[in-house]
Amino acid sequence: FTVAAAFGNVHGVYAPGNVKLDPEILGNAQTFIADKVSSSDAKPVSFVFHGGSGSDLKDIKQAIDYGVVKMNIDTDTQWSYWDGIRAYYKKYEPYLNSQIGNPDGADKPNKKFYDPRMPVRSAEETTVARLGQCFSDLNCVDVF
């Protein structure tokens with residue numbers, strides 16, 4: 001079975017240093033549970049890591065070592081999506097103020113810039129990159 005254990009993790013966004021994780025709690029729980037159920041498995045419980053966005057990589061790796069099999073990263077992926085849209089806007093702002101007229105000429109069309117699929121594509125690209133980082137951090141690359 002899986003258990004969503006609290007070991008200092010919290011949902012949301014916090015400044016670095018405000019969240020103090022203690023993954024040792026998970027290791028101690030594994031030892032306690034293995035003893036109580038007379039398990040030969042050193043990790044009889046699979047843990048879910050709620051509120052993992054923004055956590056220190058060292059703490060993430062230690063939590064995985066203690067049996068975390070799932071980590072929630074919604075806040076990180078929300079930011080990466082938004083960051084792609086924001087970056088697109090900043091890059092192409094002079095082309096997004098009108099349908100016609102931009103730094104390339106007063107009569108130049110801007111349709112390819114304000115097409116809503118363009119910033120969405122940018123958001124998808126930044127999210128894919130962030131997920132790649134998450135997969136690497138969570139030891140989920142080239143495992144199958």
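Preceding block: the structure.
Overview of the structure.

**Overview of the sheet that holds strand S3 (residues 68–71)**
Piece 1. Here 3 strands make up an open sheet; going across it, the order is S1-S2-S3 and the pairing parallel. Every interior strand has two partners, whereas the edge strands, strand S1 (2–3) and S3, have only one.
Piece 2. Alignment of S1 against strand S2 (residues 46–49), held across 2 bridges, turns out to be parallel. Directly across from Val3, in S2, lies its bridge partner Phe47.

**Description of the packing of aromatic side chains**
Piece 1. Inspection of the entire model under this criterion finds 5 aromatic pairs.
Piece 2. Residues Tyr88 and Tyr92 carry aromatic rings whose centres are separated by 4.7 Å and whose planes lie at 50° to one another, so their mutual orientation is tilted. In this pair, Tyr88 and Tyr92 both sit in helix H3 (residues 74–92), 4 residues apart, roughly one turn of the helix.
Piece 3. When the ring of Tyr92 is compared with that of Phe113, the centres are 5.2 Å apart and the planes differ by 40°; the resulting orientation is tilted. Taken together, the positions of Tyr92 in helix H3 and Phe113 in helix H4 (residues 111–114) put the pair 21 residues apart, joining distant regions of the chain.
Piece 4. Residue Phe113 is classed as buried on the basis of its relative accessible area, which comes to 12%.
Piece 5. Taken together, the aromatic side chains of Tyr88, Tyr92, Tyr95 and Phe113 make up a single cluster linked through ring pairs.

Rules and cut-offs
- Residues numbered from 1 in each chain as written.
- Predicted model: local features only at pLDDT ≥ 70, side-chain atom pairs only at ≥ 80, totals over all residues.
- Heavy atoms only, no water.
- Pairing = 2+ DSSP bridges.
- Helix = DSSP H or I, 4+ residues; strand = E, 2+ residues; numbered from the N terminus.
- Phe/Tyr/Trp six-rings, centres within 6.5 Å; stacked < 30°, edge-to-face > 60°.
- Buried < 20%, exposed > 50% of the residue type's maximum accessible area, 1.4 Å probe, protein only.

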